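The primary structure of each chain is shown beneath.
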Amino acid sequence: MLKLIGLTGGIGSGKSTVAQIIRDQGIPVIDADVIARAVVEPGQPAHRDIARAWPEVIATGGRIDRKKLGAIVFSDARSRARLEAATHPRIRQLVAARAAELGAAGLGLAFLEAALLVETGFYKQLDGLVVVSASEEVQVARVMARDACSRESALARIHAQHPLAEKVRVADHVLDNNGGVEATRAQVLSLLGTFAAPAP
């Protein structure tokens, strides 16, 4: 039976780095952000809901301008809740389907990388929770570098999520990602050793 472990952290904490290290070990990682993009493709029900709520974020060709949408929802809790209501149930359906596929293929271990596992309470439905931790200054620097945004914008995104300390509090395992990649890799490999090996 597949054991599905949640992988989360604050924005800019380094979830994607950890996820890639896990993949390098041959363990599947379901990326909730990839699934989130799929559910808002033109023609999908969530796309229609978003277009109805915020017609100004629909770009040429019908695709959603994620930057415009992000600017709206990161600065307004009510808009963020409306977006989550349109997308989260559909994301969960696809995650469940993907996990079922992995289990049917005989795999014993997989991870779900998602930013809002704690905020939505979805982590309670998983078989464990790993939180990637970093200081706020490290988070800000990474978000600014990745998204070419201002410090104020980076902080707004960080503060739109639950405080990292709240995620750490409910975690089964915490990875400190303030240092370099090799230090993080060592922690991940040690962590993986605590789980049962995937079935062949």
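The structure contained in this document is the topic of the report that follows.

Thresholds, definitions, all that
Residues numbered from 1 in each chain as written. Predicted model: local features only at pLDDT ≥ 70, side-chain atom pairs only at ≥ 80, totals over all residues. Heavy atoms only, no water. Buried < 20%, exposed > 50% of the residue type's maximum accessible area, 1.4 Å probe, protein only. Helix = DSSP H or I, 4+ residues; strand = E, 2+ residues; numbered from the N terminus. Pairing = 2+ DSSP bridges. Lys, Arg positive; Asp, Glu negative; His and termini not counted. Salt bridge = Lys/Arg side-chain N within 4 Å of Asp/Glu carboxyl O. Polar contact = N/O pair within 3.5 Å; in protein donor to acceptor, adjacent residues only side chain to side chain. Contact = heavy atoms within 4.5 Å. Axes fitted to C-alpha atoms, helices over the stretch in contact; angles between N-to-C directions. Parallel < 35°, antiparallel > 145°, perpendicular 65-115°, else oblique. Left-handed = near helix turned anticlockwise from the far one by under 90°. Nonpolar A, V, L, I, M, F, W, Y, C, P; charged D, E, K, R; others polar.

Notes on the pairing of strand β3 (residues 109-113)
Regular strands show a simple pattern: their side chains alternate between the two faces of the sheet. The buried count for β3 comes to five of five residues, which makes it a mostly enclosed element. As defined by bridge partners, strand β1 (residues 3-9) adjoins β3 across five bridges and the pair is classed as parallel. Bridged to K3 within β3 is L109. Note: strand β2 (residues 29-31) against β3, three bridges, orientation parallel. What sits directly across from D31, in β3, is E113.

Things to note about the side chain of R80
With respect to the helices and strands, R80 occurs in helix α5 (residues 77-104). Within the buried core, R80 has no salt-bridge partner, and the shortest N-O distance to an opposite charge, that of E84, equals 4.5 Å. Engagement of the side chain of R80 in a polar contact is seen with the backbone oxygen of V73, the distance being 2.9 Å. Residue contacts for R80: discarding those within four places in its chain leaves V73, F74 and A160.

Some thoughts on the sheet that holds β3
Ordered by their spatial adjacency, five strands build an open sheet running β2-β3-β1-β4-β5, and the pairing between neighbours is parallel. Because the sheet does not close on itself, it has two edges, and the strands there are β2 and β5 (173-176). Taken over all neighbouring pairs, the strand axes of this sheet differ in orientation by 25 degrees on average, direction set aside. Most of the contacts of helix α2 (residues 32-39) go to β2, to which it runs at about 40 degrees, and overall it touches β2 and β3. Contacts between α5 and the sheet are confined to β1, β2 and β3, with β2 contributing the most and set at about 160 degrees to the helix.

Some points on the packing of helix α1 (residues 15-24) against helix α10 (residues 181-192)
Relative orientation of the contacting elements α1 and α10 amounts to 55 degrees, with a least axis distance of 10 Å. Judged by the angle between their axes, α1 and α10 are oblique. For the element pair α1 and α10, the recorded crossing hand is right-handed. Between α1, through V18, I21, I22 and D24, and α10, the contact on the second element is made entirely by T184, R185, V188 and L192. Partitioned by chemical class, the residues of the contact of α1 with α10 number five nonpolar, one polar and two charged.

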